[in-house]
Amino acid sequence: MDLKDLYRDVILDHNRQPRNFGALTDPDTHAEGHNPLCGDRLTVWLRFDGDRIADIRFEGKGCAISTASASLMTEAVKGKDKAAIRELYDRIHAVLTQPDAAPPDASLGKLAALAGVREFPARVKCATLCWHTLNAALERSADAVSTE
Amino acid sequence: MATPLASASRSFDAERVRRDFPILAQHVNGRPLVYLDNAASGQRPLAVLRAVEHYETHTHANVHRGVHALSQAATDAFEGARERARRFINARSSREIVFVRGTTEGINLVAQSFGRSRLGKGDEILISALEHHANIVPWQMLCEQTGCTLKVAPINRRGEVELEPLLGLLTGRTRLVAVAHVSNALGTVVPVERIVQAAHSCGALVLIDGAQAVAHSPIDVRALGCDFYAFSGHKLYGPTGVGVLYGREELLEEMPPWQGGGEMIRTVSFERTTYNELPWKFEAGTPNISGAVGLAAAMDYLESLGLEALAAHERHLLAQATAAIERLPGIEIIGTAAHKAAVLSFTMRGCHPHDLGTILDSQGVAIRTGHHCAMPVMTFFDIPATARASFGCYNTEADVAALVAALEKAREVFG
Ligand SMILES: Cc1ncc(COP(=O)(O)O)c(C=O)c1O
């Protein structure tokens, strides 16, 4: 196993300087994620413009993989609508978990840097925590809308 | 102080000990395995593997139930293991040795049998702030069941259980004090002798969680004076799924059975069941016979190494590792008690313990990262997790050097 494959420069950079880090003022919704095994904690805040994510920020304490994954995620989903996010999530999930998944194509953008995580099964949960948290926030906003 | 430690260590031949552990001969991620996760579980020497294999190959049948030869041989092996365990901790009688699945089950047995039958509203149980979840949760469950109260003696910034505040929490209502002998998260050796004296003078009983102590120094339950002592086989180079609960005979005698079933009864009718005598009263169902045989072999093995010499060897490794990693930039050692055993917990600035664990693994170095089933300890130090290296009989100075080199590698990756 090659450490450079896991800790690529993009990952180390986003760990050291996470983008969109810190609470969002006036969020429409938020959710908290927790991985009790390693103690990682994460909050994701969202503001919508119609069906699109107008702004997203996160905050939390975690390992380099979980922090970088969250940072990359916020950049990737900003401006996208829910259907596009769903599709992106399915693709990144496949990249992270399926040993024989096709190598990530260019459309994944910087998220492709997470492909090395696949070789480290114990770390997959670190990379997916932010996505689960985002999904929870999206569901919560859908619930809120539907109960209005 | 350094000289006697160093010379004691030289008299202990860890390189020779290594050869007794076939699992250590492998490579992990292309590097020779450096196993430093002994606090989670030790490896098994050939003597244990062979004893278990011999039992399974030649001796197995159910115990205490047949007149046939194998059943008798299996019973002899199982009861022989009990006598071996008695000698290992210097209990007065083998009636005081109850085979359980491990430390966790031993503590739960005391909580449910002793606790449930004897404790009620107004009674107090005292633990310390450095306990493993196995010595917290069973007492919380008991409090819910009986209305008794759980009190927690604090630790200081070095991770020591200080006597003064603990004594302040001991009252006439304290019925049981349950403390670790050695902390698995911090390495602290707890002054259990003093705690036993103080608790007894208040009329409270004492349970010691010996999970992390038994593989590192000789244990004498009579000298300690404790009422209960629980430990696991797999932490002293024996099999998983077997452990011992020691209890003073008078106490066990009065305690009601915990689980019901075969083995623990004398006679059963639908009107009335009478219970077996000690220790079988607490051993419902077919026990882990091969596990007990393996555990006895592990005890033979450990004593053949010499527990005093082993303790000195591990102290030497701990001192050496502590001095070496303290010099690395950004390292903070968590748990700096004056008296520690075989456990080195730490964090590295800018590199989460989880990342450290992965990087060390890539170098063949196995350590544990996480909260070590001691979440309140992590909360106390305001950290999510630590990296923990823990030493055993087969670890060498070369292992310490490999640990340090792997940490330097982590520093390099994380800049
Ligand atoms: C201090 C302490 N107590 C209790 C336990 C629980 O032991 P087991 O899981 O073998 O029952 C452990 C093991 O991690 C421990 O280190």
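Residues numbered from 1 in each chain as written. Chains lettered and ligands numbered in written order. Predicted model: local features only at pLDDT ≥ 70, side-chain atom pairs only at ≥ 80, totals over all residues. Heavy atoms only, no water.

Student: Outline the overall build of chain B, supporting the account with residue identities and numerical values.
Tutor: For chain B, the count of helices and strands is 15 helices and 17 strands. Here the C-alpha radius of gyration of chain B, 22 Å, is about what a compact globule of 415 residues would show, namely 22 Å. Dimensions along the principal axes, computed over C-alpha positions, put chain B at roughly 75 × 55 × 35 Å. In chain B, once contacts between residues fewer than 6 apart in sequence are set aside, the share between residues at least 24 apart is 71%. Accessible surface, chain B as shown: approximately 16,300 Å² in total, 52% of it carbon and sulfur. Both charge centroids of chain B, one from 38 positive and one from 43 negative side chains, sit 1 Å from each other. (Helix = DSSP H or I, 4+ residues; strand = E, 2+ residues; numbered from the N terminus. Rg over C-alpha atoms; globule rule 2.2 N^0.38 Å. Contact = heavy atoms within 4.5 Å. Areas by Shrake-Rupley, 256 points an atom, 1.4 Å probe, with all protein chains shown as cover. Lys, Arg positive; Asp, Glu negative; His and termini not counted. Charge placed at Lys NZ, Arg CZ, Asp CG, Glu CD.)

Student: Give me the nonpolar core: which residues, what numbers.
Tutor: Residues Ile89(B), Val177(B), Tyr229(B), Leu236(B) and Cys393(B) are the most contacted members of the largest nonpolar core, which totals 81 residues. Counting residues per element, this core draws most heavily on helix α11 (residues 289-305) of chain B, at eleven residues. Excluding anything up to four places from it in sequence, Leu236(B) contacts Phe88(B), Val214(B), Ala215(B), Phe231(B), Leu295(B), Ala298(B), Met299(B) and Leu302(B). Membership of the second largest hydrophobic core comes to 75 residues, among which are Ala64(A), Leu129(A), Ala324(B) and Ile325(B). (Core = buried A, V, L, I, M, F, W, Y, C linked by side-chain atoms within 4.5 Å. Buried < 20%, exposed > 50% of the residue type's maximum accessible area, 1.4 Å probe, protein only.)

Student: Describe the site of the ligand, with residues and values.
Tutor: All names here are of chain B. The local shell around the ligand consists of Gly102, Thr103, Thr104, His132, Ala134, Asn184, Asp209, Ala211, Gln212, Ser232, His234 and Lys235. Here an oxygen atom of the ligand sits 2.5 Å away from a polar atom, N or O, in the side chain of Lys235. When the ligand sits alone it has 400 Å² of accessible area, and the protein chains cover 84% of it. A per-class count over the shell around the ligand returns two nonpolar, eight polar and two charged. (Near = heavy atom within 4 Å. Polar contact = N/O pair within 3.5 Å; in protein donor to acceptor, adjacent residues only side chain to side chain. Nonpolar A, V, L, I, M, F, W, Y, C, P; charged D, E, K, R; others polar.)

Student: So what's going on with the sheet that holds strand β17 (residues 386-390) of chain B? Which residues, and what values?
Tutor: Residue and element names in this part refer to chain B. What the four strands build is an open sheet, ordered β13-β14-β17-β16; its pairing is antiparallel. Edge positions in the sheet fall to β13 (331-334) and β16 (368-370), since each of these pairs with one other strand and no more. The average angle at which neighbouring strand axes cross in this sheet is 30 degrees, direction not considered. Relative to strand β14 (residues 343-348), helix α12 (residues 307-326) is tilted by about 10 degrees, and along the sheet it contacts β13 and β14. (Pairing = 2+ DSSP bridges. Axes fitted to C-alpha atoms, helices over the stretch in contact; angles between N-to-C directions.)

Student: So what's going on with the pattern of salt bridges? Which residues, and what values?
Tutor: What the rule picks out here adds up to 29 salt bridges over all chains. Here Arg123(A) makes a salt bridge to Asp355(B), at a shortest N to O gap of 2.8 Å. Remark: Asp355(B) occurs in helix α13 (residues 353-362) and Arg123(A) occurs in the loop between α4 (82-97) and α5 (124-147); the pair is interchain, linking two chains. Among the ionic pairs, Glu79(B) bridges to Arg82(B), the shortest N-O distance being 2.7 Å. Here the residue Glu79(B) and the residue Arg82(B) both occupy positions in helix α4 (residues 69-89), the gap between them amounting to three residues, near one helical turn. You can call Arg82(B) buried: its relative accessible area is 1%. Through salt bridges with shared partners, one network takes in Arg95(B), Glu249(B), Glu253(B), Arg266(B) and Glu277(B). (Salt bridge = Lys/Arg side-chain N within 4 Å of Asp/Glu carboxyl O.)

Student: Explain helix α5 (residues 103-118) of chain B residue by residue, including any values.
Tutor: Residues and elements named next belong to chain B. With 16 residues, α5 ought to run about 22 Å at 1.5 Å a step, and its terminal C-alpha atoms sit 21 Å apart, in line with that. With twelve of its 16 residues buried, α5 lies for the most part within the structure. Taken as a whole, α5 has its buried residues at Thr103, Glu105, Gly106, Ile107, Asn108, Leu109, Val110, Ala111, Gln112, Ser113, Phe114 and Gly115. In this structure, the buried residues of α5 make contact with β4 (97-100), α6 (137-146), β7 (174-180), β8 (205-209), β9 (228-232) and β10 (243-247). (Expected span 1.5 Å × (residues − 1).)

Student: Can you break down the interface of chain B and chain A residue by residue, with the values?
Tutor: Between chain B and chain A, the contact holds 18 residues from the first and 20 residues from the second. Interface area, chain B with chain A, both sides summed: about 1,400 Å², of which 62% is carbon and sulfur. Of all residues in chain B, the largest losses of buried area upon contact with chain A belong to His354(B), Thr358(B) and Phe414(B), amounting jointly to 35% of the total for that side. Counting the contacts that link chain B with chain A gives one salt bridge. The interface formed by chain B and chain A includes five residue pairs in polar contact (both at pLDDT 80 or more). Among the secondary structure elements, those contributing two or more residues to the side of chain B that touches chain A are α13 and α15 (397-414) of chain B. For the side of chain B that touches chain A, the element with the highest residue contribution is α13(B), accounting for six residues. For the side of chain B that touches chain A, the per-class residue count stands at six nonpolar, nine polar and three charged. (Buried area = accessible area lost by both parts, 1.4 Å probe.)

Student: Before we move on, could you go through the sheet that holds strand β3 (residues 52-61) of chain A and cite the residues and values that matter?
Tutor: All names here are of chain A. Pairing within the open sheet is antiparallel, and its three strands lie in the order β1-β2-β3. The strands lining the two open edges of the sheet, one partner per strand, are β1 (29-35) and β3. Ignoring strand direction, the axes of neighbouring strands in this sheet form an average angle of 20 degrees. Across seven bridges, β1 lies against strand β2 (residues 40-49) in antiparallel orientation. Residue Ala31 lies in a different strand from β2, and its bridge partner there is Val44.

Student: Any chance you could break down empty space enclosed by the protein for me, citing the residues and the numbers?
Tutor: Remark: the empty space left among the atoms is shown by a probe the size of a water molecule rolled over them. Summed over the entire model, instances satisfying the criterion amount to one cavity of 30 Å³ or more. In this model, the largest cavity occupies a volume close to 40 Å³. Looking at the lining of the largest cavity residue by residue, the class counts come to four nonpolar, three polar and one charged. (1 Å grid on protein atoms, 1.4 Å probe; cavity = no way out; pocket = protein on both sides within 12 Å on 5 of 7 lines; lining within 4 Å. Points joined across faces, edges and corners; volume = space filled by probe spheres on them.)

Student: Run through unusual backbone geometry, naming residues and quoting values.
Tutor: The step from Leu278(B) to Pro279(B) runs through a cis peptide bond, and the omega angle for that step is -5 degrees. Along the chain, Pro279(B) falls in the loop between β12 (273-275) and α11. Positioned with a positive phi, Asp26(A) is a non-glycine residue whose angle comes to about 55 degrees. Examined against the element boundaries, Asp26(A) turns out to sit in the loop between α2 (9-16) and β1. In this structure, Cys373(B) is a non-glycine residue whose phi angle is positive, near 55 degrees.

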